[in-house]
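Here's the letter readout for the chains.
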Amino acid sequence: METITLNSWADYATAISDIRNKYGKRTVGISGRELDNEILFRGQANSDWPLITTLERASTEEYSVQKYLQRADSCVNEIESVSGKQWGLKTYPEILREIENRQDSMRVYLPHYDYLVHLRHHGFPSPLLDWTTSPYIAAYFAFESAGSASYVSVYAFIETPEGHKSASGGESMIDTHGPYVTTHARHFNQKAWYTTATTWDSERNRHMFCSHHDVVPSPIAHQDVLIKLTLPRSDRITALRQLDDFNINHYSLFGTEDALVRTMSLRRFDIDES
């Protein structure tokens, strides 16, 4: 992982521009046609924090895709009854058969992705690590809380800079999961994507969730590029003021009354006072 230490918030736009200039496009075939690459960003309030999912925070158990889906499936009746929403989940035996029929050792398969995203947005421990295609939304999440760390961080991730990916069975891998899902509006407000990190267990014939930091990029293929930008927390108010000018705040990202009050309190007690 490449780490770039920025001296101030004023350097952020240039750093993002450099990443986009280097990784934002790829050339296809002998025609030289250019296609856009998806660059994902994630902000964290402490530069010492690793990339870690809420499932990793909640449990030290090992989870296969099948085991995690069993936990998620066991909650659906009560969640549907209270929320009034219906996900049309298959029975757990049907889910197991679907995973077994569609999975392979090279790429993880997640059935009922829309339901898993909904659970992730509402606080259920999840193997989905959330990212955004906006570097400024990522910066908001890095700076929003008034923590004690000297530096915050914004990660950039490019899964396939050259448009393809290679792997060997048994290797740990990171997979991206895109935005095309019907779910809570905040998913779209935050321009959200997700990643999962898994390793293939050949003895049990299943994908096991693992840490993103367990994944070692292939020495042959140019893939899974991870860049870490660190920024001084001392520029927090400067950054939040500019982001609020861009209408990036808790209310615009979450859209609830609680988020509106949080935005107002941040303005009155942090941004305005400084």
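The paragraphs below set out a description of the structure included in this document.

Analysis parameters
Residues numbered from 1 in each chain as written. Predicted model: local features only at pLDDT ≥ 70, side-chain atom pairs only at ≥ 80, totals over all residues. Heavy atoms only, no water. Helix = DSSP H or I, 4+ residues; strand = E, 2+ residues; numbered from the N terminus. Rg over C-alpha atoms; globule rule 2.2 N^0.38 Å. Buried < 20%, exposed > 50% of the residue type's maximum accessible area, 1.4 Å probe, protein only. Contact = heavy atoms within 4.5 Å. Areas by Shrake-Rupley, 256 points an atom, 1.4 Å probe, with all protein chains shown as cover. Core = buried A, V, L, I, M, F, W, Y, C linked by side-chain atoms within 4.5 Å. Salt bridge = Lys/Arg side-chain N within 4 Å of Asp/Glu carboxyl O. 1 Å grid on protein atoms, 1.4 Å probe; cavity = no way out; pocket = protein on both sides within 12 Å on 5 of 7 lines; lining within 4 Å. Points joined across faces, edges and corners; volume = space filled by probe spheres on them. Nonpolar A, V, L, I, M, F, W, Y, C, P; charged D, E, K, R; others polar.

Once that is clear, we can look at the overall build of the protein. Counting its secondary structure elements, the protein contains 11 helices and 10 strands. Against the compact-globule benchmark of 19 Å for 274 residues, the protein has a radius of gyration of 20 Å, which places it among compact chains. Along the three orthogonal principal directions, the C-alpha set of the protein runs to about 55 × 55 × 35 Å. Every one of the 274 residues in the protein was classed for burial, and the buried ones make up 48%. The contacts of the protein with a sequence gap of at least 6 include a subset with a gap of at least 24, amounting to 74%. Within the structure as shown, the protein displays about 14,000 Å² of accessible surface, and the carbon and sulfur contribution to it stands at 48%.

With 30 residues, the main nonpolar core has W9, Y12, I227 and L231 as its most contacted residues. Every element with two or more residues in this core is listed here: α1 (12-23), α7 (135-143), β6 (151-158), β10 (225-232), α9 (236-245) and α11 (257-271). It is α7 that provides the largest number of residues to this core, a total of 6 residues. Those residues in contact with I227 that sit more than four places away from it in its chain are M1, E2, I4, I19, Y23, V154, Y155, A156 and I158. By size, the runner-up hydrophobic cluster in this structure holds 24 residues, among which are Y63, L119, L128 and Y194.

Attention now goes to the pattern of salt bridges. Enumeration according to the criterion identifies 14 salt bridges in this entry. Across the pair E144 and R262 runs a salt bridge, and its minimum N-O distance is 2.9 Å. Taken as a pair, E144 in the loop between α7 and β6 and R262 in helix α11 lie far apart in primary sequence, 118 residues in all. For E144, a relative accessible area of 11% corresponds to the buried category. Note that R204 and D201 form a salt bridge whose closest N and O atoms lie 2.8 Å from each other. On the basis of relative accessibility, which here comes to 44%, the residue R204 falls in the partly exposed class.

Positioned with a positive phi, K191 is a non-glycine residue whose angle comes to about 50 degrees. Mapped onto the secondary structure, K191 falls in the loop between α8 (185-189) and β8 (192-201). In the Ramachandran plot, N205 falls in the positive-phi region, its phi being about 60 degrees despite a non-glycine side chain. Residue position: N205 is located in the loop between β8 and β9 (206-209).

Right, let's talk about the layout of surface pockets for a bit. Within this model, the largest pocket holds a volume of roughly 650 Å³. Along its surface, the largest pocket is lined by 26 residues, and R42, R120, D130, F141 and F254 are the ones closest to its centre. For the lining of the largest pocket, the elements supplying multiple residues, two or more each, are β4 (40-44), α6 (113-121), β5 (129-132), α7, β8 and α10 (250-254). The leading source of residues in the lining of the largest pocket is β4, at 4 residues. Split by residue class, the lining of the largest pocket holds 12 nonpolar, 7 polar and 7 charged.

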